[in-house]
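# Examining the three-dimensional arrangement
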Amino acid sequence: MARSFDISKKLVWQAYLRVKANRGAEGIDGQTIEDFEQNLKGNLYRIWNRMTSGSYAPPAVKAVTIPKRSGGTRMLGIPTISDRIAQTVVKMYLEPSLEPFFHEDSYGYRPGKSAIQAVTITRERCWKYGWLFEFDIKGAFDNIDHSLLTRALQKHTDCEWVLLYIDRWLKAPMQHPNGDQEQRAKGTPQGGVVSPLLMNLFMHYVFDKWMAVHEPRLPFARYADDAVVHCPTLREAERLQVVLEQRFRECNLELHPEKSKIVCCKGNVPWVDYPVNKFEFLGYEFRLRTAVNRQGRKFVRFMPAISPTSAKAIRKEIRSWSVQNRSDKSIDDLSRMFSSKLRGWINYFGHFYKSALYPTFYNLNRKLVKWATRKFKKLRRRQRRAHYWLGAVAKRQPNLFPHWQLLGLRPAIG
């Protein structure tokens, strides 16, 4: 049978393996990855057959509302398992041809790039430049202009099936919990597999390349729609704010009025009096902090540490675990249940100014102490003894909880 498009079965198989590894929620059909695997060969053949024939039509994406750390909510569009595999096929084909063109200071959703790299370079540049313009795009994923995005795509590929299916995904409706379907004329669903790649391509032409041509002296770090640009003077930062607002308007995007601002990063010039002297970027708060060098001398520098917003979100999640009420579990059970999440937080937020994490994890230790007083009769109503007991456990098993190492094996203090 003749095929319209040459897409290998191996590529579809590799896409399935990626989707399986990433897990994720089910789409509008309610099918999980386990359900999909009940007829794995047939389901994968169906995807391949439809994609190669040109008849693949994506179903609606499932609208899911999630809370933002900073308050409010964000709407995600969750594809079905089959559609996720189809999108991964396109992403795996397209991404290698786009990557070489992307800017070195674009860090979001890219192989070999990370948020920590963006935080690291931003910290170094804050020491070199006295001013910074931070911006966040209002509803960036929801407001991408389809015609501009298509023009950008056509600069990098003439593959007919890639352009065809991306066009269909951009136009696929969003289905809300009540069953109503919302037609879309702009945007790409945040939650789709191919959406982050499309966002990076769009922002490459809207911002990255534009900056390289028009503002080559001003370094920046961008993670998806969140970015910071460093400036040598306040006047330069004020000028940049005006020109970037105009640039984004031309591309049908709007800077978030509350999250876009000029920041003074001067830590060693006491006579500079500017009202905004801190900012949040990728979960870290940058501001003047006191530190101690290797010689034991204190100094003040503009540095990142876990932001109050991120710390509050972590404490909220820890409260949801109800550790103190799980007296039916052993301490080894608690370790297995929560260590992975704790390790992830420490690996990310422990890169800079680790001591800012201490209050959050001391609070977790207090919950473990309460757990112990409810678990063991000999410790009931004897909080001090429970503190000593937990300290002894930490001494015997220092790796039981990841945060014990961070706190220097002092689990019962705080």
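Structural data are supplied above this passage.
Description of the structure in this document. All values reported here derive from a predicted model rather than from experimental measurement. (Residues numbered from 1 in each chain as written. Predicted model: local features only at pLDDT ≥ 70, side-chain atom pairs only at ≥ 80, totals over all residues. Heavy atoms only, no water.)

### Concerning the overall build of the protein chain
Counting its secondary structure elements, the protein chain contains 14 helices and 11 strands. With the principal axes as the frame, the protein chain shows a C-alpha extent of 75 × 60 × 40 Å. Counting only residues that meet the buried cut, the protein chain has 48% of its 414 residues in that class. Sequence-distant contacts in the protein chain: of pairs separated by 6 or more residues, those separated by 24 or more amount to 68%. With the model as given, the accessible surface of the protein chain reaches about 21200 Å², and the carbon-plus-sulfur share is 49%. (Helix = DSSP H or I, 4+ residues; strand = E, 2+ residues; numbered from the N terminus. Buried < 20%, exposed > 50% of the residue type's maximum accessible area, 1.4 Å probe, protein only. Contact = heavy atoms within 4.5 Å. Areas by Shrake-Rupley, 256 points an atom, 1.4 Å probe, with all protein chains shown as cover.)

### Observations concerning the nonpolar core
The biggest cluster of nonpolar side chains holds 66 residues, and the ones touching the most others in it are Met 51, Ile 85, Phe 135, Trp 161, Phe 207 and Phe 248. With 11 residues, the single largest contributor to this core is helix 8 (residues 195-214). When sequence neighbours within four positions are dropped, the list of residues in contact with Trp 161 reads Phe 5, Asp 6, Ile 7, Met 51, Val 89, Val 90 and Tyr 93. With 51 residues, the next largest nonpolar core counts Val 119, Leu 342, Leu 357 and Leu 364 among its residues. (Core = buried A, V, L, I, M, F, W, Y, C linked by side-chain atoms within 4.5 Å.)

### Some words on empty space enclosed by the protein
Applying the stated criterion across every chain yields a total of 1 cavity of 30 Å³ or more. Counted as a void, the largest cavity has a volume near 50 Å³. If you go around the largest cavity, the residues you meet are Val 61, Asp 83, Gln 87, Trp 169, Ala 172, Thr 188, Pro 189, Gly 192, Val 194 and Ser 195. Tallied by class, the residues present in the lining of the largest cavity amount to 5 nonpolar, 4 polar and 1 charged. (1 Å grid on protein atoms, 1.4 Å probe; cavity = no way out; pocket = protein on both sides within 12 Å on 5 of 7 lines; lining within 4 Å. Points joined across faces, edges and corners; volume = space filled by probe spheres on them. Nonpolar A, V, L, I, M, F, W, Y, C, P; charged D, E, K, R; others polar.)

### Here's the deal with the sheet that holds strand 2 (residues 73-78)
One open sheet accounts for 4 strands, arranged 2-1-4-5; its pairing is mixed. Every interior strand has two partners, whereas the edge strands, strand 2 and strand 5 (181-182), have only one. As judged from the 6 bridges shared by strand 1 (residues 61-67) and strand 2, these two strands associate in the antiparallel manner. Looking at strand 2, one finds that Ala 63 is bridged to Gly 77. (Pairing = 2+ DSSP bridges.)

### Here's the deal with the environment of Asp 6
Residue position: Asp 6 is located in the segment before helix 1 (9-22). For Asp 6, a relative accessible area of 73% puts it in the exposed group. Along the sequence, Asp 6 and Ser 53 sit 47 residues apart, while their C-alpha atoms lie 9.1 Å from each other.

### Considering helix 4 (residues 81-98)
Counted at 1.5 Å a residue, the expected span for helix 4 with its 18 residues is 26 Å, and the 25 Å between its end C-alpha atoms agrees. Largest kink in helix 4: about 25°, centred on Met 92, with the proline Pro 96 one to four residues after it. (Expected span 1.5 Å × (residues − 1). Bend = angle between axes of the 7 residues up to and from the residue.)

### Notes on helix 6 (residues 146-154)
Two residues of an α-helix separated by three or four positions point the same way, owing to the 3.6 residues in each turn. Listed as buried for helix 6 are His 146, Leu 149, Ala 152 and Leu 153. When helix 6 is viewed along its axis, its buried side chains cluster within an angular range of 125° and face the same direction. Here the buried face of helix 6 lies against helix 4, helix 7 (160-171) and helix 8. (Arc of directions from axis to C-beta.)

### Examining the environment of Glu 245
Mapped onto the fold, Glu 245 is located in helix 9 (residues 234-250). Sequence separation between Glu 245 and Ser 260 is 15 residues, and the spatial gap between their C-alpha atoms is 10.0 Å.

### A closer look at unusual backbone geometry
Phi is positive for Arg 23, close to 55°, though the residue is something other than glycine. Here Arg 23 shows up in the loop between helix 1 and helix 2 (33-36). The partly exposed category is assigned to Arg 23, whose relative accessible area is 43%. Located in the positive-phi region is Asn 252, a residue other than glycine, with phi close to 65°. Within the fold, Asn 252 resides in the loop between helix 9 and strand 8 (261-264). Residue classification places Asn 252 among the partly exposed positions, given a relative accessible area of 45%.

### Examining the side chain of Thr 360
Position of Thr 360 among the secondary structure elements: in helix 12 (residues 358-375). With a relative accessible area of 3%, Thr 360 lands in the buried category. Dropping the residues within four chain positions of it, Thr 360 is found in contact with Ala 311, Ile 314, Arg 315 and Ile 318.

### Details of the sheet that holds strand 9 (residues 279-281)
Ordered by their spatial adjacency, 3 strands build an open sheet running 9-10-11, and the pairing between neighbours is antiparallel. A strand with exactly one partner marks an edge of an open sheet, and here the two such strands are strand 9 and strand 11 (298-306). Averaged over neighbouring strand pairs, the angle between their axes works out to 50° when direction is ignored. Pairing geometry for strand 9 and strand 10 (residues 284-292), over 3 bridges, is antiparallel. In the sheet register, Glu 280 faces strand 10, and the bridge partner there is Glu 285. Sheet strands touched by helix 10 (residues 308-321): strand 9, strand 10 and strand 11. Its angle to strand 11, the strand with the most contacts, is close to 50°. (Axes fitted to C-alpha atoms, helices over the stretch in contact; angles between N-to-C directions.)

### Digging into the side chain of Arg 84
Counting through the fold element by element, Arg 84 comes out in helix 4. Look at Arg 84: it is buried, it has no salt bridge, and the nearest opposite charge is Glu 26 at 7.3 Å. Within the local environment of Arg 84, its side chain forms a polar contact with the backbone oxygen of Arg 23, the two atoms lying 3.2 Å apart. For Arg 84, the side chain forms a polar contact with the main-chain oxygen of Pro 79, separated by 2.8 Å. Each residue touching Arg 84, except ones within four places of it in the same chain, is listed here: Val 19, Arg 23, Gly 24, Ala 25, Glu 26, Ile 78, Pro 79 and Val 193. (Lys, Arg positive; Asp, Glu negative; His and termini not counted. Salt bridge = Lys/Arg side-chain N within 4 Å of Asp/Glu carboxyl O. Polar contact = N/O pair within 3.5 Å; in protein donor to acceptor, adjacent residues only side chain to side chain.)

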